[in-house]
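Listed here are the chains, written in short residue letters.
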Amino acid sequence: MYGGTCINIGCIPTKTLIHAAETGQDYSTAMAERDSVTSKLRTKNYNMLANADTVDVYTAKASFVSNKVIKLSSETEEKELTSEIIIINTGAISNVLPIPGLKESKHVYDSTEIQTVKEQPKRLGIIGGGNIGLEFGGLYAKLGSQVTVFDTTSRILMREEEDVAELATQYLEEEGISFELESQIANVKNQGEEVVITTQRGDYTFDAVLYATGRKPNTADLGLENTDIKVNDRGAIQVDEFKQTSVKNVFAVGDVNGGLQFTYVSLDDYRIVMSYLVGDKSYSEKVRKNIPNTTFINPPLSRVGIDEATAKEKGLHYKANQLLVANMPRGHVNNDLRGIYKVVVDADTDLILGATLFAAEAQETINIITMAMDNKVPYTYLRDQIFTHPTMAENLNDVFNI
């Protein structure tokens, strides 16, 4: 797992699979490509550490003996290490809902386990309609599986505005995904080699089931009870603005501290710790700026800042605009007219409050808006900027023409 969740079981392997599916590869070829990319990056990360004169690498299970003492346990030996500075970066693990039969049934997987399944399931049930569930749903549908997504909510993407969620539902259904919303799952069980999900509407039968019901901080086996490190009621390690725990010079970065579960946030946590340890302590959680995010469905859905619904709830004096991809030149060039750009700006200062980009290349274009927001660039700059043509980015000219 050198390189962490992202490189081994998260962003990189799953996006490799998505790209392979979108380029027409079959299941076995896509899985082989995933394994190749993951292995290459894992080896690169290991060697980057192991070949450094100032680094010792231990492949072992680590747990705290006391505040500054760590016990390492491997198959062949145990060893204790003492350090004044310790950084905990153990990530997150899948959250398991207390659904009867979920953990006991065969062919039921979390998002890590399903990446090792050798034979493609013809029928895949997915419990959970969040980012992970939708990304895997789109991936398997593209590969040709019959996919059904179960969720307790009345619509998918509850954090997005309703019109965006409706478009996403439409596009995912066009890919062949079925949605069973407002579903209360009574139990999961096996019927021979099949998996049966029982809801208030009846039984649904699959070859495999993925549960994608969120992730929680990976703290259970760290021996924190032997220390003065505090955790909250969700099991996340409590940290201050510099990611320092309740023990001086012991830090917790990434998913384990209960913050946003993004690789790039974990990386930024490192910048905060470095600022504290060897810098001038000028960078901390308090001064961290806007954090964009993308759900890698097709097309990708990217967000930064707030949307119009939130601006309205807060009573802000704002202006908003939207632009359908059907009105974008590059959309016609791509022969893909799906999606929409939506932006919100402060009517008094002209600063950008937020944007939702649901379109091809949104995961790239959103970074332009994030940089503008971070540097307090008024929306008029993007409205009047000269972009190359034909590109998706040039449509910022039009959507910011408010």
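A few points on the structure. (Residues numbered from 1 in each chain as written. Predicted model: local features only at pLDDT ≥ 70, side-chain atom pairs only at ≥ 80, totals over all residues. Heavy atoms only, no water.)

## Notes on the packing of aromatic side chains
Here is step 1: Applying the stated criterion across every chain, the model contains nine aromatic pairs.
Here is step 2: With 5.9 Å between their ring centres and 90° between their planes, Phe 150 and Phe 206 make a pair best called edge-to-face. Taken as a pair, Phe 150 in strand β8 (residues 146-150) and Phe 206 in strand β12 (residues 202-206) lie far apart in primary sequence, 56 residues in all. Phe 206 matches Phe 150 in its accessibility class, with the two residues each being buried.
Here is step 3: Ring geometry for Tyr 171 against Phe 358: centres 5.5 Å apart, planes inclined by 45°, an arrangement best described as tilted. (Phe/Tyr/Trp six-rings, centres within 6.5 Å; stacked < 30°, edge-to-face > 60°. Helix = DSSP H or I, 4+ residues; strand = E, 2+ residues; numbered from the N terminus. Buried < 20%, exposed > 50% of the residue type's maximum accessible area, 1.4 Å probe, protein only.)

## Things to note about the sheet that holds strand β3 (residues 78-82)
Here is step 1: Spatially, β1-β2-β3 is the arrangement adopted by the three strands of the open sheet, whose pairing is antiparallel. Looking at which strands have only one partner, the edges of the open sheet turn out to be β1 (61-66) and β3. Shown here is a sheet whose adjacent strand axes are inclined to one another by a mean of 30°, direction ignored.
Here is step 2: Across five bridges, the pairing between β1 and strand β2 (residues 69-73) is antiparallel. (Pairing = 2+ DSSP bridges. Axes fitted to C-alpha atoms, helices over the stretch in contact; angles between N-to-C directions.)

## Quick notes on the side chain of Asp 336
Here is step 1: Among the secondary structure elements, Asp 336 is positioned in the loop between α8 (329-334) and β19 (340-346).
Here is step 2: Within the structure, the side chain of Asp 336 is placed 2.8 Å from the side chain of Arg 338, a separation counted as a polar contact.
Here is step 3: Among all residues touching Asp 336, those that are not within four sequence positions of it are Val 325 and Gly 331. (Polar contact = N/O pair within 3.5 Å; in protein donor to acceptor, adjacent residues only side chain to side chain. Contact = heavy atoms within 4.5 Å.)

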